[in-house]
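# Breakdown of the fold
Read off the chains here:
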Amino acid sequence: MSRRSSPLRIVILISGRGSNMLAIAEHVRDGTTPAEIVAVMSNRADAPGLASAAALGIPIAVVSPDDHADRTAYDSALAERVAVDEPDLIVLAGFMLILGPAFLERFEGRMLNIHPSLLPRYRGLHTHRRVLEAGEHEHGASVHFVTEDLDGGPIVIQGRVAVRDDDSVETLSARVQRAEHSIYPQAVDWFARGRLTWKDGRAWLDGQPLDSPVCIDFTFGD
Ligand code: GRF
């Protein structure tokens, strides 16, 4: 198992609030995770998380699809910009664009994403609403390696929460987000310590292939 001698260089991609980005930044800032967030980037100049990152002194950048002819050109431009910061890990944290081959091939095995469902259930959008409509009793979030299979890459860790009878999309998503803010920093920490690796198209933890993800049950008292 490889152990790093220098802090992991992380680039975080966001499109919105950036609460997962902030949770990871907190673990880096307090010294828990041996890493450096070298940039937070967004496809949207108005992403609120950009201001939050800047307030922490993290360099920010915007790469907008509007400035590029098509998605292929955008993918290449984003990959070029990200590469400038020489990241060891790219963290997708609410980045709402689908990345194409030009990006994915360049950074294979170095990209994590968080998805608000217990994958492989509920890929795609509007997971909280769909979970409620289906009458599920449990829901959660998954951190996975990013591959061309959208929301389908190897899963590393999941946080599971109970669905309550009186849940709305808002209450359920808030509970899932609390779980996200625990499992995403955990996965990044494992990667930073060389405990989480990518080999042969699979996720490995502590030198063992992760045949099933680590799953943590969260019981929040709210
Ligand atoms: C999270 O719920 C994550 O699961 C999804 O997008 C949301 C991002 O939230 N991919 P935030 O911007 O980190 O607050």
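About the thresholds
Within each chain, residue numbers correspond to sequence positions counted from 1 in written order. Thresholds applied to this predicted model are a pLDDT of at least 70 for local features of residues and 80 or more for the giving and counting of side-chain atom pairs; totals over whole chains, interfaces and linings are not thresholded and use all residues. Side-chain calculation: all heavy atoms of the structure are included, whereas hydrogens and water are not. Definition of nearness: a residue and a molecule or strand are near each other if at least one heavy atom of the residue lies within 4 Å of the molecule or strand. Two N or O atoms count as a polar contact when they lie within 3.5 Å, although within protein this holds only if one can serve as hydrogen donor and the other as acceptor, and sequence-adjacent residues are included solely when both atoms are side-chain atoms. Note on areas: Shrake-Rupley, 1.4 Å probe, and residue coverage restricted to the protein chains presented here. With a 1 Å grid spanning the protein atoms alone, the term cavity applies to any set of points in which a 1.4 Å probe fits but cannot get out, the term pocket to an open set with protein on both sides within 12 Å along at least five of seven lines, and the term lining residue to any residue with an atom within 4 Å of a point. Should more than half of a molecule's atoms lie within 2 Å of a pocket's or cavity's grid points, that molecule is taken to sit in it. Where helices and strands are cited, they refer to DSSP runs of H or I of at least four residues and of E of at least two residues respectively, numbered from the N terminus. Grid points are joined across faces, edges and corners, and a volume is the space filled by probe spheres set on the points. Residue polarity is assigned by list, with Asp, Glu, Lys and Arg as charged and Ala, Val, Leu, Ile, Met, Phe, Trp, Tyr, Cys and Pro as nonpolar; anything else, Gly included, falls into the polar class. Burial classification: accessible surface area is computed with a 1.4 Å probe over protein chains only, and a residue below 20% of its type maximum counts as buried, one above 50% as exposed, and the rest as partly exposed. Two strands qualify as a pair provided that DSSP identifies no fewer than 2 bridges between them. Axis definition: a line fitted to C-alpha atoms, limited for helices to the stretch in contact. Angles are taken between N-to-C directions and run from 0 to 180 degrees. Contact criterion: two residues are considered in contact whenever any of their non-hydrogen atoms come within 4.5 Å of each other. We count a salt bridge whenever a side-chain nitrogen from Lys or Arg sits within 4 Å of a carboxyl oxygen from Asp or Glu.

### Points about the site of the ligand
Around the ligand, the surrounding shell consists of Arg17, Gly18, Ser19, Asn20, Gly94, Ile114, His115, Pro116, Gln177 and Glu180. Gly18 is positioned such that a nitrogen or oxygen atom in its backbone is 2.8 Å from an oxygen atom of the ligand. Asn20 has a polar backbone atom sitting 2.9 Å from an oxygen atom of the ligand. Compared with its free state, where it exposes 370 Å², the ligand has 84% of that area covered by protein. Its atoms largely coinciding with the cavity grid, the ligand occupies the largest pocket. Within the residue set of the shell around the ligand, elements represented by two or more residues are helix 1 (19-29), strand 5 (111-115) and helix 6 (169-192).

### Some details on the layout of surface pockets
A probe matching the size of a water molecule, rolled over the atoms, marks out where space remains unfilled. Considered as a void within the structure, the largest pocket measures approximately 980 Å³ in volume. Together, 35 residues line the largest pocket, and Gly94, Phe95, Met96, Ile114 and Pro116 are the ones closest to its centre. Of all the secondary structure elements, the ones that give two or more residues to the lining of the largest pocket are helix 1, strand 5, helix 5 (127-133) and helix 6. Along the lines of polarity and charge, the residues of the lining of the largest pocket split into 13 nonpolar, 16 polar and six charged.

### Considerations on empty space enclosed by the protein
In the structure shown here, the tally under the stated rule is one cavity of 30 Å³ or more. As for the largest cavity, its lining consists of Leu118, Arg121, Tyr122, Val131, Glu138 and His139. Taken together, the residues of the lining of the largest cavity break down into three nonpolar, one polar and two charged.

### Considerations on the pairing of strand 7 (residues 155-162)
Across the eight residues that make up strand 7, a large majority, six, are buried. Here seven bridges tie strand 6 (residues 138-145) to strand 7, and the two strands are oriented antiparallel to one another. Counted as the bridge partner of Ser142 is Gln158 from strand 7. In this structure, strand 7 lies alongside strand 11 (residues 214-217), joined through four bridges in parallel fashion. Across the sheet, residue Arg160 finds its bridge partner in strand 11, namely Asp217.

### Here we look at the sheet that holds strand 3 (residues 60-62)
In space, the eight strands of this open sheet follow the order 3-2-1-4-5-6-7-11, with mixed pairing throughout. Edge positions in the sheet fall to strand 3 and strand 11, since each of these pairs with one other strand and no more. Adjacent strand axes in the sheet meet at a mean angle of 20°, parallel and antiparallel pairs treated alike. Helix 2 (residues 48-55) rests against strand 1 (8-14), strand 2 (35-42) and strand 3 of the sheet, and its axis sits at about 155° to strand 3. Together, strand 1, strand 2, strand 4 (89-92), strand 5, strand 6, strand 7 and strand 11 form the strand contacts of helix 6, whose direction differs from that of strand 7 by roughly 155°.

### Looking at the pattern of salt bridges
As a working rule, side chains carrying opposite charge can pair if their charged atoms are close by. For the structure shown, the criterion picks out 13 salt bridges. With a shortest N-O distance of 3.6 Å, Arg129 and Glu133 are connected by a salt bridge. Taken together, the residues Arg129 and Glu133, both in helix 5 and four residues apart, mark about one turn of the helix. A relative accessible area of 40% places Arg129 in the partly exposed class. Put simply, Arg160 and Asp217 hold a salt bridge, and the shortest N to O gap is 2.7 Å. Placement of the pair is Arg160 in strand 7 and Asp217 in strand 11, with a sequence separation of 57 residues. Taking relative accessible area as the criterion, Arg160 reaches 26% and is therefore assigned partly exposed. Members of the salt-bridge network, linked through shared partners, are Arg121, Glu136 and Glu138.

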